[in-house]
Every structure is written in structure tokens, then in C-alpha cells.
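# Inside the fold
Next come the chains, spelled out residue by residue.
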Amino acid sequence: MSTANTHRVVVRRKKVRGGGHHGGSWKIAYADFVTAMMAFFLVMWLISIVPKEELKGIAEYFRMPLRVALTGGPNQSAETSAIPGGGKDPTKSDGDVRKSEGKRIEVPPNPITTEADRRDQRRLERLRKQLVHAMESNPVLIKFRPQLLVDVTTEGLRIQIVDSKNRPMFALGSAEVEPYMRDILRQLAPLVNEVPNKISIAGHTDATPYSGDQAGYSNWELSSDRANASRQELVAAGMDPNKIIRVQGLASSMSLVKDDPFAAVNRRISLVVLNAETLRRIEQENATAADVAKGMMGTGSVQQLDQALPPQAAQPAVTPAAAPVIPAQH
């Protein structure tokens, strides 16, 4: 009788099925993606609500470490202003750098510029408070308070005298100053004359076309004449004529009420007490124009240029045909 083999080996093979999950790594990647997108949209939202001036300051802040490294010191980062000076060349720590005719010219720094601007700002703020107080207490100005607007712009302190249907500042279609407009200007002149700042005067009209009988005369000439008439009243009231640096007419190009260019308040006179920064910009523009003129004439002068040009022949006067007069309020 044979002995049976009772030892059996059983091999179990595990079947591999495809299509199973790959663990939780994809969840981590997806969470990182969602977080990054949330951060991106948050940054975009913050950029959209922050004013442009603050964005420029932030941008300049991140440029400052490079400037400090190149200049070899903390002078640039120690500035009180968020936008450091020094010109376009970051290796220059003193003054501004500008190019002229291939040469590098270093402009020495002005140590009192920042403090002078601060004093100028405080001076204009005091003037604004004096004007508001005068409009509320002066027996002459208090009657015209609704027609007087005072605000601060990038150019300085702006005083606007707006027109009214019931109380126009000038005679119809002309630059003749009405008596109450004269009273307003003569009350403002002593207050504005107390500060050393220069003055800019601008005249404005509404969008109604000028319909007078003067050929070639339009709202541009009318607004200019009204601005100059205001200048004359200010000088007559005692203002230093040298304080006025600019008189211009803007017609209806700068409407106060954009939705209604024919509104009466669009007819106005704007007096701007210029701040120091605006005055420097105007003087710099004039200096640049003088340099260009000097470069074009070479070693010559304006007198030599006038002598070189032949005299212009006199043209006979041409009398245009009379146009119909249509009264209009300007």
C-alpha cells in the first residue's frame, strides 16, 4: 500500500486590474492651483482699486534696494519721499543727470526744495481757509457764495467764479465786466496778493457758438478777452501785475458740466494760485524753448533774425459781408 503525498503547495496569484486611483497627490496639486488662482485674482482686485499715485510709489519702493546697492549706502532709502531722486542713472547719488549735445551735465541738488514745497503747501492751505472764511463772513462775497468754488488741484489753489442765468458775470456776448463781478474780483485781489505765488487766469464759455457781428470772432476770442478783463480788474484792485504769469481762453473745451455743455455754470473764470512745482515746470518749459531757439539761430540773435527777414508787404483791408446777428448767451 503506497503512502499518499499530503504536502501540497498552493500558489495564489493576485489579479492586477487597471483603472484604479493613483492616491491623493492630484488633490494636493488641485488645491495648490486653486490657491494660486485665488491669490492672482486677489492681487488683480487690489491693483484695480489702488490709485495710480500709490501704485507708482509701491513700484518705486521695490526699485530702491537696487539703487541703494549701486550707490553703496542708505542715502536713497532714507529719503522721506516714496519716489527717490537722482536722475535716470542709479549710480549718481547727488543731483540729477541730463544729456545735452552728447555731454553729461550734472545739476547740483537743491537742499531746500522739499522744505520749500512744504512751506508752499502750508501757505496755500492757509489761503484756502482765508478764502472760505471770507466767503462766509465778508458782506460782499457772502451774497455770491453759490457762484464761488474753491478747491485744490495739481497746479495749486483754484478759485472759480461761475456764471448764473439770473446773474451773469459779463454782458451778453462781450467781455464787459458786470458790477457784481467787479465787486467779487476786487474782494479777492487783496487776499490772493498776500501770497508770493504766481497767478494763472483762464476764461471759459459754454458750447453755444458765438453769434456776434465781428468776423472771425468766436468763443476762443471771447473767453480770452474775458480772462484779460478779469486780470485788469484784479490789477485795478491792487494786485501786483507781475504776479500774473498766464492769461488764456479755453472757450468750451473744458466744460464744468460734461453732461450739459450749454449749462450756465460752464461760463466761468478760473484763477489758479500756482504752487511751486507748477511754476518750476512752466519756467523749465520756457527755458527749454529758449535753448531750442538759441540752438536753431546758432550764434545769431533774435534782432539779427528780424533784420534778415524782409518786411511784409501791407495787405489791403478786406471788409467781409455783414452776417445776421443772432443773440446768444455766453
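Residues numbered from 1 in each chain as written. Predicted model: local features only at pLDDT ≥ 70, side-chain atom pairs only at ≥ 80, totals over all residues. Heavy atoms only, no water.

### Section: the overall build of the chain
Selection criterion: The way it works is that DSSP assigns letters per residue, a run of H or I at least four long becomes a helix, a run of E at least two long becomes a strand, and they are numbered from the N terminus. Using a 1.4 Å probe on the protein chains alone, a residue whose accessible area is under 20% of its type maximum counts as buried, one over 50% counts as exposed, and one in between counts as partly exposed. When checking whether two residues touch, look at their non-hydrogen atoms; a contact exists if any pair is within 4.5 Å. The Shrake-Rupley method, run with a 1.4 Å probe sphere, supplies the accessible areas, and residue values consider only the shown protein chains as cover.
Tallying secondary structure elements over the chain gives 7 helices and 7 strands in all. If you list the helices and strands of the chain from N to C, you get α-α-β-β-α-β-β-α-β-α-β-β-α-α. A total of 330 residues make up the chain; the buried ones form 27% of that total. Sequence-distant contacts, at least 24 apart, represent 65% of the contacts inside the chain between residues at least 6 apart. Per element, the accessible surface of the chain, about 23,200 Å² overall, is 57% carbon and sulfur.

### So, a nonpolar patch on the surface
To keep it simple, the criterion reads: Patches draw on residues past 30% relative accessible area with no salt bridge. Two like charges within 9 Å are joined, as are two nonpolar side chains (Val, Leu, Ile, Met, Phe, Trp, Tyr) within 5 Å. Between Lys or Arg on one side and Asp or Glu on the other, a salt bridge is scored when a side-chain nitrogen of the former is within 4 Å of a carboxyl oxygen of the latter.
Where nonpolar side chains cluster on the molecular surface, the patch consists of Trp26, Tyr30, Phe33, Val34, Met37, Phe40, Phe41, Val43, Met44 and Ile47 and spans about 1,000 Å² of accessible area. With respect to the helices and strands, Tyr30 occurs in helix H1 (residues 25–49). Overall, the relative accessible area of 52% leaves Tyr30 in the exposed class.

### Here's the deal with the sheet that holds strand S7 (residues 268–274)
Which entries qualify depends on this criterion: Strands pair, by our definition, only if DSSP identifies at least two bridges between them. Axis lines are fitted through C-alpha atoms, for helices just across the contact stretch, and the angle between N-to-C directions can take any value from 0 to 180 degrees.
Spatially, 5 strands are ordered S3-S4-S7-S5-S6 in an open sheet, and the strand pairing comes out mixed. Whereas interior strands pair on both sides, the edge strands pair on one side only; in this sheet they are strand S3 (148–152) and strand S6 (244–249). Looking at each pair of strands side by side, their axes are set apart by 15° on average, direction ignored. Here strand S5 (residues 199–204) runs beside S7; their pairing, made up of 6 bridges, is antiparallel. For Gly203, the partnering residue across the bridge sits in S7 and is Ile269. The sheet contacts of helix H4 (residues 179–193) involve S3, strand S4 (156–162), S5 and S7, and relative to S4 the element is tilted by about 165°. Packed onto the sheet, helix H5 (residues 219–236) meets S5, S6 and S7 and runs at close to 150° relative to S6.

### Looking at the packing of aromatic side chains
Stated precisely, the cut-off is as follows: In this analysis, rings of Phe, Tyr and Trp, with Trp reduced to its six-membered ring, are considered paired at centre separations within 6.5 Å, and the interplanar angle assigns stacked below 30 degrees, edge-to-face beyond 60, and tilted for intermediate values.
Tallied over the full model, the rule gives 3 aromatic pairs. Ring geometry for Phe40 against Phe41: centres 5.4 Å apart, planes inclined by 75°, an arrangement best described as edge-to-face. What makes Phe40 partly exposed here is its relative accessible area of 45%.

### Some remarks on the nonpolar core
Note the cut-off: We call a set of buried Ala, Val, Leu, Ile, Met, Phe, Trp, Tyr and Cys residues a nonpolar core when their side-chain atoms join them within 4.5 Å.
Core analysis: the largest hydrophobic core is formed by 32 residues, its most contacted members being Leu131, Ile161, Met181, Ile201 and Val273. Among the elements of the structure, helix H3 (113–137), S4, H4, S5, H5 and S7 are those that each provide at least two residues to this core. The element that contributes the greatest number of residues to this core is H4, accounting for 7 residues. Setting aside anything within four residues of it in sequence, one finds Ile161 in contact with Gln147, Leu148, Met169, Met181, Ile184, Leu185, Leu188, Arg267, Arg268 and Ile269.

### As for the pairing of S4
Here is the key point about a regular strand: its side chains alternate between the two faces of the sheet. In terms of residue burial, S4 counts as a mostly covered element, since 6 of its 7 residues are buried. Note that S3 and S4 share 5 bridges and pair antiparallel. In the strand pairing of S4, Val150 is matched with Ile159. In sequence, S3 turns back onto S4 through a hairpin of 3 residues. By the bridge criterion, 7 bridges tie S4 to S7 in an arrangement that is antiparallel. Residue Gly156 lies in a different strand from S7, and its bridge partner there is Leu274.

### Some details on the layout of surface pockets
The test is simple: Residues are said to line a cavity or pocket when one of their atoms sits within 4 Å of a point; the points come from a 1 Å grid over protein atoms alone, cavities being sets where a 1.4 Å probe fits but cannot get out and pockets being open sets with protein on both sides within 12 Å along at least five of seven lines. Grid points are joined across faces, edges and corners, and a volume is the space filled by probe spheres set on the points. Residue classes follow a fixed rule: Ala, Val, Leu, Ile, Met, Phe, Trp, Tyr, Cys and Pro count as nonpolar, while Asp, Glu, Lys and Arg count as charged, and any other residue, Gly among them, counts as polar.
By volume, the second largest pocket is sized at about 320 Å³. Every residue lining the second largest pocket is counted, 17 residues in all, and those nearest its centre are Arg158, His204, Leu250, Ser270 and Val272. Listing elements by their share of the lining of the second largest pocket, those giving two or more residues are S4, S5, S6 and S7. Looking at the lining of the second largest pocket element by element, the count peaks at 4 residues for S5. Grouping the amino acids of the lining of the second largest pocket by side-chain chemistry returns 6 nonpolar, 7 polar and 4 charged.

### Let's talk about the pattern of salt bridges
Using the criterion set out here, one finds 13 salt bridges in the structure. Across the pair Arg118 and Glu115 runs a salt bridge whose closest N-O atoms are separated by 3.9 Å. With Arg118 and Glu115 both in helix H3, this residue pair falls 3 residues apart, about one helical turn. For Arg118, a relative accessible area of 37% translates into the label partly exposed. Given the relative accessible area of 32%, Glu115 is considered partly exposed. Across the pair Glu285 and Arg281 runs a salt bridge whose closest N-O atoms are separated by 3.4 Å. Pair noted here: Glu285 and Arg281 are both in helix H6 (residues 276–297), with a separation of 4 residues, about one helical turn. Since its relative accessible area comes to 37%, Arg281 is described here as partly exposed.

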